[in-house]
Amino acid sequence: QVKLVESGGGLVQAGGSLRLSCTASGSIFAIISMGWYRQAPGKQRELVATITSGRRANYADSVKGRFTISRDNAENTVNLQMNGLKPEDTAVYYCDANARSTTSTNFYTYWGQGTQVTVSS
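What counts, and where the lines are drawn
Residues numbered from 1 in each chain as written. Predicted model: local features only at pLDDT ≥ 70, side-chain atom pairs only at ≥ 80, totals over all residues. Heavy atoms only, no water. Phe/Tyr/Trp six-rings, centres within 6.5 Å; stacked < 30°, edge-to-face > 60°. Helix = DSSP H or I, 4+ residues; strand = E, 2+ residues; numbered from the N terminus. Lys NZ or Arg CZ within 6 Å of the ring centre and 35° of its normal. Buried < 20%, exposed > 50% of the residue type's maximum accessible area, 1.4 Å probe, protein only. Disulfide = S-S within 2.5 Å.

**Describing the packing of aromatic side chains**
Step number 1: Per the counting criterion, the structure on display carries one aromatic pair.
Step number 2: Plain terms: the ring middles of Y37 and W111 are 5.1 Å apart, the flat faces sit at 70° to each other, and that makes the pair edge-to-face. One end of the pair, Y37, is in strand β4 (residues 28–39); the other, W111, is in strand β10 (residues 108–111), and 74 residues separate them in sequence.
Step number 3: The ring of W111 carries the charged tip of R45 above its face, separated from the ring centre by 4.6 Å.

Okay, structure coming up:
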């Protein structure tokens, strides 16, 4: 089984910065990609950014130029540096990993419990 734990959420004023971190642990055989999604009240969960094991990153248009995703493959960690935050960035942010455990031959998507990010105007 693979467990993801996020940290780093909080309350910040518009224009401020936050850094989210997520660490995967457990019986990990391999992780193909890791990423961040977010869900605002009354809205569907949406992609924020993803990064492959080769460090190829993909961003939602709404965060390009403001957010930076990075990954430490050795530590099974993914980070999201968020600069220039806007009130519309307010949401619960979830970490995900496309991973295979040592007890399976298949890759599955695992999710963290989420961390709240609130941006005040």
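Having seen the model, we can carry on.
**Observations concerning unusual backbone geometry**
Step number 1: Positive phi outside glycine occurs at R55, with the angle close to 70°.
Step number 2: The residue R55 is located in the loop between β5 (46–52) and β6 (57–59) in this model.
Step number 3: Assessed through its relative accessible area of 48%, R55 is described here as partly exposed.
Step number 4: A positive phi angle, near 55°, is found at N76, a position not held by glycine.
Step number 5: Following the sequence through the fold, N76 ends up in the loop between β7 (67–72) and β8 (77–82).

**Remarks on the state of the cysteines**
Step number 1: Under the counting rule described, the total for this entry stands at one disulfide.
Step number 2: A sulfur-sulfur separation of 2.1 Å characterises the disulfide bridge that pairs C22 with C95. Between C22 and C95, the S-S torsion sits near -75°, and that sign places the bridge as left-handed. Taken as a pair, C22 in strand β3 (residues 18–26) and C95 in strand β9 (residues 91–101) lie far apart in primary sequence, 73 residues in all.
Step number 3: Given the relative accessible area of 0%, C22 is considered buried.

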